[in-house]
Amino acid sequence: MVSFPTLTQASATTPLLQGGRREPSADPTQSSESEEGLRGQSHATRSGRSWISQMREVLLFVWAVLATAGLLVLAVWASHRQQTSFDKPAGKRNLIFMVSDGMGPASLSLTRGFRQHTEGLEWGDTLTLDKHFWGTSRTRSSSSLVTDSAAGATAFSCGEKSYNGAISMLPGSTPCGTVLEAAKKAGYTTGLVVTTDITDATPACFASHVDHRTQQDEIALHEIGNGPLGRVVDLMLGGGRCHFLPNTTAGGCRQDGLDAIDLAQKEYGWNYIGDRPAFDEYWEGKKDVPLPMLGLFAPTDIPFELDRRNMNDQYPSLSEMAKTALRALEKATAKSDKGFFLMIEGSRIDHAGHGNDPSAQVREVLEYDKAFQAVLDFLDESKTEGVLVATSDHETGGLSVARQINVDYPQYIWYPQVLANATASSEHLARRLQEHVAQLGGSSSGSAEDLENYINEELVIPGLGITDAAPEELRLLAQHPESAQPAFAQMISIRAQIGWSTHGHSAVDVNIYSSGGPGTEALRGNVENTDVGKFLREYLDVDVGSVTKELKDKLSSTSKLSPQDSQSIPESSFDENLVKEDHWIAHESMERQLAEEEMFA
C-alpha cells in the first residue's frame, strides 16, 4: 500500500502548502543561507565565483587596453614605414633631381595667374608642377634660419646641414661625400645642367669641396677632375666660362693664369663646346654626344629667358639643355647595368628674385615648368625605371602676390598684363643704359633731358612696356644709372602691384614635386631639406659614407675653418672681401666688370 506524505511532511520537491509554511527564522544569516541553499549556492561558492568574475573583468579590460595600444603602435609604425622605407627598383634605374633655385610657393601663384591671363585659360588650368605637388621642405642652415644656396645644396648633395657658404663641407672644414660622387663610384653616369655659372653654389656642391662658394676658380678644377676624387662628372652644360679661362684672355676671370678648358681637354679627356651652333649639332640629333662633355655657353650666366628668347641663336634654353642631357646619358648607359644621375637647376629664378623683377621671374618659372614636363616625358618613354624629384634650396625676394601702393584701403588685385607688356628684363635694360652712359663718356654734348628722353623712348616704353613713366622716375635713372636695375624692377612691380620684402633670401618653406615612384612617399608632408638628400642616396642605393671617409683622408691636411666658428674666414685661398660681401653683390660686380671689359675691348 502506497503511503502519501502528510501536510507536515512535504518533500523537497513538493511546494509548501499554506498550512505547512515554515515560520521565518529570527536569524537573518540563517535565512539568507537557506535561500542561497535553495538556489544551490553556498557563501563560500558565491565569494569564490565573485572574485574570479572580478579578476576576469580586470584581465579583459587590461587586454583591451593593450590591444588598442598595440593597434595604435602598429598604425604609427606602418605610417612611419610607408614614409621612410624604400621599395627600391631591383635593377637599373635613373634619378633626375631638379632644383628651382629661389622659387617659393608665391612664385607658383604668380606664374600660374600670369599664364592663365596671357593664354586666356580657365582658372582651373594649372602648371605641370602643380599637378605633381608632393610636399614641403624646411630650409634653414646650421648657421642661420635663412639659408644660402651653398648650404641648401649641401643638404641635397650630402644629406647634411652646414653653414652658409659651404660647398659640401661641414663645420670644421670637414668634407662630406656627395650623392653624385657616390653614384659615379658605383658605376652610374652623372651630369649637371644649369643656367648660371657651372661653378655656382648648387652645381658646385655635387662635384667639389671648398670652404666657401667664392672659391670658384678652385671649384672649376674640381669639376673637371683636378680634385681629391678625380673626375666624377660626365656631362656639364651651362654658363660660367670666365672661371675656366685666365683673366688675361677675353671673357676670362681666373686669377691664376690657368686655362682650365685646355687642361680639361688634355689631361682629363673632356670634349668641349662653347656656343649655340656647336650645341645645335647635338641638340638637333645630328651627332651623338661624346662623354665627358663640357658645354659653357656664356662668360657668366645664360641670360634670363625673357631676354634669351630674343637671342635664341646665341644661347640654348634650360629645357633644350635638359633634353640633350637626358638623351646623351640614356644612350651612354644603354648597355650598362647602371643608369644615371642628373641634376638640373633652374638657376635664374633666384636671380630674378634678387633683382625683385617679376617679369623676369615668371618667364624663368615657365621655362623650368617646361623642363619639368620634358623630364616627365622622358621617364614615360624610357624603358629604364626612373624617378624625378624637384625642390628649391630656398625662396628669394620675399615675394608677395599683392602690394598696397597707397594709404587708402588696399585693393584685392594684381595686374599680370603689366608683366606681359615687358619684353626685356630689368637686368638687360640696366646694362644697356650703363653702356649708353659709358659711350657718352665725359662729353657735355648730351643734356640730362636728352638722357631722360633716351631712357623713356629706348628703354622704358619698348622694354618695360610702360608708357606713363613719371618725370621723377626718369630723373632717378638718369642721375644714378649704376642703380638702374632695381629702379626698372621697381617700376614694373609697383604697376603690377607685386610686393617684395628683401633683395636676399627668406626662410619660407619651399615645395617638393615628384613624378612618384619607389621611395618617394618618404618626401610626403613637411620634411627637412636633408631628407631630400637622404632620399637621393637611398634611391640610388649608393654609399656616401665611404666617399666621405676617402675625402677626409685626402683633405685632412687642408683644414681652414675653425670648428668653433664655421663662418670664420679661411686664411688665404680666396678674396676675404668677397666673403664679407653678399654673394649677389659680388655676382653683380663681376657681371659689370666683364661687361665693361667687353665694351672697351
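Up top you'll find the structure we're talking about.
The structure presented is a predicted model; accordingly, all values stated were derived computationally and were not measured.

Here is what the cut-offs are and how they apply
- Residues numbered from 1 in each chain as written.
- Predicted model: local features only at pLDDT ≥ 70, side-chain atom pairs only at ≥ 80, totals over all residues.
- Heavy atoms only, no water.
- Disulfide = S-S within 2.5 Å.
- Helix = DSSP H or I, 4+ residues; strand = E, 2+ residues; numbered from the N terminus.
- Buried < 20%, exposed > 50% of the residue type's maximum accessible area, 1.4 Å probe, protein only.
- Pairing = 2+ DSSP bridges.
- Patch = residues over 30% accessible without salt bridge, like charges linked within 9 Å, V, L, I, M, F, W, Y side chains within 5 Å.
- Areas by Shrake-Rupley, 256 points an atom, 1.4 Å probe, with all protein chains shown as cover.
- Salt bridge = Lys/Arg side-chain N within 4 Å of Asp/Glu carboxyl O.
- Axes fitted to C-alpha atoms, helices over the stretch in contact; angles between N-to-C directions.

The next point concerns the state of the cysteines. One pass over the structure, following the stated rule, counts two disulfides. Note on cysteine connectivity: cysteine 158 is disulfide-linked to cysteine 176, with sulfurs 2.2 Å apart. Residues cysteine 158 and cysteine 176 are joined by a disulfide whose S-S torsion is about 75 degrees; by sign, that bridge is right-handed. Note that cysteine 158 is positioned in helix H4 (residues 149–158) and cysteine 176 in the loop between strand E4 (174–175) and helix H5 (179–185), a separation of 18 residues in sequence.

For a regular strand, side chains alternate in direction, first toward one face of the sheet and then toward the other. For strand E9 (residues 340–345), a buried count of six out of six residues is recorded, marking the element as mostly surrounded by other parts of the structure. Burial of the side chains of E9 extends over both faces: Phe340, Leu342 and Ile344 are buried on one face and Phe341, Met343 and Glu345 on the other. Sheet topology places strand E5 (residues 189–197) next to E9; five bridges connect them, and they run parallel. Across the sheet, threonine 189 pairs through a bridge with phenylalanine 340, a residue of E9.

Moving on, we come to a nonpolar patch on the surface. On the surface, Val58, Phe61, Val62, Val65 and Leu66 cluster together to form a nonpolar patch covering roughly 480 Å² of accessible area. Examined against the element boundaries, leucine 66 turns out to sit in helix H2 (residues 43–84).

On to unusual backbone geometry, then. Glycine aside, residues mostly have negative phi angles, and peptide bonds mostly take the trans form. With omega at 0 degrees, the peptide bond leading from leucine 291 into proline 292 counts as cis. The backbone phi angle of serine 173 is positive, close to 60 degrees, even though this residue is not glycine. Looking at serine 173, the relative accessible area reads 6%, which means it is buried. A positive phi angle, close to 60 degrees, is found at aspartate 541, a residue other than glycine. You can see aspartate 541 is positioned in the loop between helix H19 (529–540) and helix H20 (544–555). Residue classification places aspartate 541 among the exposed positions, given a relative accessible area of 54%.

With that settled, the discussion passes to the sheet that holds E5. The mixed open sheet is built from ten strands, whose spatial order is E7-E8-E6-E5-E9-E1-E10-E13-E2-E14. Strands with a single pairing partner mark the edges of an open sheet, and in this sheet they are strand E7 (271–273) and strand E14 (525–528). Strand-to-strand, the axes of this sheet are offset by a mean angle of 15 degrees, without reference to chain direction. The pairing of E5 with strand E6 (residues 235–239) spans four bridges and is classified as parallel. Residue pairing for E6: glycine 191 is matched across the bridge by leucine 235.

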